[in-house]
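A look at the structure
Chain by chain, the residues run as shown.
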Amino acid sequence: MINVLIYFKVVMANRKYVELAKEKHQRSQKFLSSLRSKEMNFIRRFLIEINKGTEMNTSISRTVCLMDATGSMTKLLQKCKNTVQVMYERASSILSEHQIDSDCFQMQFVVYRNYNSPVNKILQCFSWETKAENLRRFMSTIDAEGGWENEAIEIGLWHVNQENEKEHVSQIILIGDAKPNTRKEIKEKRKHFGELYWLDTPFAQLVGYTAELEKLISNNIPIHAYYVDRKAKKEFENFATRTGGQCQMLDINSSAGSAMLTDLVTETILNNVGGNSKGNLLVEAYREKFGKSYNKDLES
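Cut-off values and rules
Residues numbered from 1 in each chain as written. Predicted model: local features only at pLDDT ≥ 70, side-chain atom pairs only at ≥ 80, totals over all residues. Heavy atoms only, no water. Helix = DSSP H or I, 4+ residues; strand = E, 2+ residues; numbered from the N terminus. Buried < 20%, exposed > 50% of the residue type's maximum accessible area, 1.4 Å probe, protein only. Contact = heavy atoms within 4.5 Å. Areas by Shrake-Rupley, 256 points an atom, 1.4 Å probe, with all protein chains shown as cover. Pairing = 2+ DSSP bridges. Axes fitted to C-alpha atoms, helices over the stretch in contact; angles between N-to-C directions. Left-handed = near helix turned anticlockwise from the far one by under 90°. Nonpolar A, V, L, I, M, F, W, Y, C, P; charged D, E, K, R; others polar. Core = buried A, V, L, I, M, F, W, Y, C linked by side-chain atoms within 4.5 Å. Right-handed = clockwise from strand over helix to strand, strands pointing away. Arc of directions from axis to C-beta. Lys, Arg positive; Asp, Glu negative; His and termini not counted. Salt bridge = Lys/Arg side-chain N within 4 Å of Asp/Glu carboxyl O. Polar contact = N/O pair within 3.5 Å; in protein donor to acceptor, adjacent residues only side chain to side chain.

This part takes up the overall build of the protein. A tally of helices and strands in the protein yields 11 helices and six strands. Burial status across the protein gives 48% buried among its 300 residues. Put simply, 74% of the contacts in the protein that link residues at least 6 apart link residues at least 24 apart. For the protein, the exposed surface amounts to about 15100 Å²; the carbon and sulfur share of it is 51%.

Below, the discussion takes up the pairing of strand S4 (residues 171-176). Along S4, six of the six residues are buried, which leaves the element largely enclosed by surrounding structure. Of the two faces of S4, both are covered, the one formed by Gln-171, Ile-173 and Ile-175 as well as the one formed by Ile-172, Leu-174 and Gly-176. Where strand S1 (residues 61-68) meets S4, five bridges bridge the pair, whose relative direction is parallel. Paired with Leu-66 across the strands is Leu-174, a residue of S4.

Here we come to the packing of helix H6 (residues 153-166) against helix H9 (residues 209-218). Where H6 meets H9, the axes come as close as 9 Å, and the angle between the chain directions of the two elements is 30 degrees. The handedness of the crossing between H6 and H9 is left-handed. Contact with H6, carried on its side by Glu-154, Leu-157, Trp-158, Val-160 and Asn-161, involves Tyr-209, Glu-212, Lys-215 and Leu-216 of H9 and no other residues of that element. Class assignment for the residues of the contact of H6 with H9 results in five nonpolar, one polar and three charged.

Right, let's talk about the environment of Thr-201 for a bit. Along the chain, Thr-201 falls in the loop between helix H8 (195-199) and H9. With 82 residues separating them along the chain, Thr-201 and Val-119 place their C-alpha atoms 7.0 Å apart.

If you walk across this open sheet you meet the six strands as S3-S2-S1-S4-S5-S6, and the pairing is mixed. If you trace the sheet from one side to the other, it starts and ends with strand S3 (123-125) and strand S6 (247-249), each paired once. On average, each strand axis in the sheet is inclined to that of its neighbour by 20 degrees, with strand direction left out of account. Where strand S5 (residues 223-227) meets S6, three bridges bridge the pair, whose relative direction is parallel. Looking across to S6, one finds that Tyr-226 is bridged to Gln-248. Sitting on the sheet, helix H3 (residues 74-97) is in contact with S1, strand S2 (105-112) and S4, with an inclination near 170 degrees to S2. Here helix H10 (residues 233-243) sits on the sheet and contacts S4, S5 and S6; the angle it forms with S5, its principal contact strand, is near 165 degrees.

Moving on, we come to the nonpolar core. Residues Met-67, Met-107, Phe-109, Ile-175 and Leu-261 are the most contacted members of the largest nonpolar core, which totals 40 residues. Contributing elements (two or more residues each) for this core: S1, H3, S2, helix H5 (132-139), S4 and helix H11 (257-290). Looking at which element gives the most residues to this core, the answer is H11, with 10 residues. Excluding residues within four positions of it along the chain, Leu-261 makes contact with Leu-76, Lys-79, Cys-80, Thr-83, Met-87, Ile-175, Leu-250 and Ile-252. If you look at the next biggest cluster of nonpolar residues, it comprises 33 residues, including Leu-66, Ile-155, Ile-172 and Phe-203.

Okay, the pairing of S1 next. The element S1 is largely enclosed, with a buried count of eight among its eight residues. With burial as the criterion, each face of S1 is covered, one bearing Ser-61, Thr-63, Cys-65 and Met-67 and the other bearing Arg-62, Val-64, Leu-66 and Asp-68. Bridge count for S1 against S2 is eight bridges, and the pairing is parallel. Residue pairing in the sheet places Val-64 in a bridge with Gln-108 of S2. One crossover worth recording links S1 to the parallel S2 by way of H3, and it is right-handed.

The next subject is H9. For H9, the full list of buried residues reads Glu-212, Leu-213 and Leu-216. In a view along the axis of H9, the buried residues occupy a sector of 105 degrees, so they form one face of it. Next to the buried residues of H9 lie H6, S4, S5 and H10. Phi turns positive, to about 55 degrees, at Asn-220, one or two residues after H9.

What follows concerns the side chain of Asp-177. Structurally, the position occupied by Asp-177 is in the loop between S4 and helix H7 (183-189). Here Asp-177 sits buried without a salt bridge, and the closest side chain of opposite charge, Lys-231, lies 5.1 Å off (N-O distance). For Asp-177, the side chain forms a polar contact with the side chain of Ser-72, separated by 2.6 Å.

As structure tokens, this is what we get:
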């Protein structure tokens, strides 16, 4: 019975994506029809919409969505694939209603695993994007695999610091179900492939999460940490508290998991875009328009 319920939850989540894809297909067909009939108003609106993201904004909010992609995170990855389009559409809708350029935020999706994953799998990331469909295309290539108790969050934090050296990163949304590796665990786990293997990779130097966390703090990059399992609660709270972020449990396995994921990510983006002056206003506008799928007072 449980397997049947899980099956139907996955089907419903996938159906939402299919409906979005169907809507985009219908608009594309309408565009082709408009070309033949020379309906210039629709052609102009369609081209403006489809080409969003090609112009750079002078003030860009840049969010790294850093996710655990080990074997226990299958449901998170599936729901992220199904909801990224909704996240973007909702955020853009609220921003447009408040006369804010909907291209003013970028996201980079990054997944981490552990030292029993090869160099091309321990960390995977996509380019900075303003288009949801590109991020979903990247996520469609990501499978939940590997894992080794505490996971390599430190590699993910290291990556963010590398990105920040190129251009300022505004914030991190961290989602996972395990604590970061300790330095002792890293030394032991790197023996799986051997130090000679890691020597000729970007991860030649052993990096610990404490040093990477200090860099994030010094650069004022908050970590908004959402733990999927309570065993990660203490460390995720530490990440959020020390960087000025927020921390909360994300019950991704519940029937409301997709909606919770959508709300948390979208609200975090809107709050950062709006800053001190408009952040709360944008979040409240979002909640008023789209409702609330989780209890803000949920024990964290």
